[in-house]
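Here's the letter readout for the chains.
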Amino acid sequence: MKKFKIFSTLLVFSLMFVLSACGTSEKTDASPKKEEKKTLRFVTDAAYAPFEYMDKGKVVGFDVDFLNVVAKEAGYNVKLEHVGWDPLFVEIKGKTADGGISAITINDERKQTYDFSTPYFLSKNEILVPKDSPIKSAADLKDKVVAVQNGTTGQEAVEALIGKNNSNLKKFKNNNLAIMELKSGGADAVVADNTVVEQYVKNNPNENFVVIPDDSAFDKEFYGLMFAKDSKLKADFDKAIQKVIENGEYTKVYQKWFKVDPDLNALKQQ
Ligand code: ARG
């Protein structure tokens, strides 16, 4: 009995020693490597291939790979969730999400409410029409039914051409629905980002669509990561974007999705 008592007392003490040792080692170890990385929640509208789209229940695309390399460089874990285009803006403004990536064009109107990273992609609106369409330029969109994704720069560009509140303008929750409207004959054209409509034509040769660029009607646009106003993340991500452009990781992601080299000068000039 006595032996047992000694044994159990020893056991208790040794346990206490082990536990306290754990405690101190945790408290005194300030090495940053062991620090847990913060996980950020980013939101997107995954109906805009090749930038973001759903594949077997997962969000994939150029933006997804780009965000992953940039977040890693900035020292964050990141979770990207498909919430849709309008909700994306609501979530970032309301700070239920840390950031957004969704081929989002940086423009003055949005800058009043949000902060943007430095630009990471050059884009321009383009017109998608059936091969035999009489529409040959932006000016030809007058008196035609045009489908766009609601709340995009494509919508703004068309409004500048045919007037706001024109009943010929059909607005959809996402760009895939706008293209479906064109396919079913409910619209004569879709206006959206060049990379998106060009990829659509390439991937669906049997549908007989073509794209029409029009530099006189559509301006250069640049995509950025979107944050709430005064978000502390902007500085970290700007630095990381700079870094992945310089160290070739951006180019690797770009080549994976577009099979050509990016025009880095166009981005650097911004
Ligand atoms: N670049 C355009 C804009 O910012 C369209 C972006 C739409 N993106 C999307 N994932 N649906 O207005």
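It should be emphasised that the depicted structure is a prediction, and the values quoted were computed from it without experimental measurement. Position numbers for residues start from 1 in each chain and track the written sequence from start to end. Local features in this predicted model are restricted to residues whose pLDDT is 70 or higher, and side-chain atom pairs enter the listing and the counts only when it is 80 or higher, whereas totals over whole chains, interfaces and linings include all residues. With hydrogens and water excluded, all non-hydrogen atoms of the structure serve as input to the side-chain values.

Asks: I'd like to hear about the sheet that holds strand 4 (residues 58–60), residue by residue, with values.
Replies: What links the strands of a sheet is backbone hydrogen bonding, and the strands pair in either a parallel or an antiparallel sense. Here three strands make up an open sheet; going across it, the order is 2-3-4 and the pairing antiparallel. Each of the sheet's edge strands pairs with one partner strand only, and the pair in question is strand 2 (47–48) and strand 4. Strand pairing requires that DSSP identify at least two bridges connecting the strands. Numbered from the N terminus, helices here are DSSP runs of H or I no shorter than four residues, and strands are runs of E no shorter than two. Note: strand 2 against strand 3 (residues 52–55), two bridges, orientation antiparallel. Bridge pairing links Ala47 to Tyr53 in strand 3.

Asks: Describe the packing of aromatic side chains, listing the residues and the values that go with them.
Replies: Aromatic rings from Phe, Tyr and Trp, taking only the six-membered ring of Trp, are treated as a pair when their centres fall within 6.5 Å; an angle between ring planes under 30 degrees marks them as stacked, one over 60 as edge-to-face, and anything in between as tilted. All chains considered together, the criterion is met by 26 aromatic pairs. With a centroid separation of 6.2 Å and 85 degrees between ring planes, the pair formed by Phe42 and Phe227 is classed as edge-to-face. Taken together, the residues Phe42 in strand 1 (residues 38–44) and Phe227 in strand 14 (residues 226–228) connect sequence positions 185 residues apart. Exposure categories follow from relative accessible area, calculated using a 1.4 Å probe and restricted to protein chains: below 20% of the type maximum is buried, above 50% is exposed, and the middle band is partly exposed. The class for Phe227 is buried, based on a relative accessible area of 0%.

Asks: Give a description of helix 2 (residues 62–74) that names residues and reports values.
Replies: Helices are assigned an expected span. That span is 1.5 Å times one less than the residue count. An ideal rise of 1.5 Å per residue puts 18 Å on 13 residues; helix 2 measures up with 18 Å between its terminal C-alpha atoms. Among the 13 residues that make up helix 2, ten are buried, leaving the element largely enclosed by the rest of the structure. Among the residues making up helix 2, those that are buried are Phe62, Asp63, Val64, Asp65, Phe66, Leu67, Val69, Val70, Ala71 and Ala74. One or two residues past the end of helix 2 sits Gly75, with phi positive at roughly 90 degrees.

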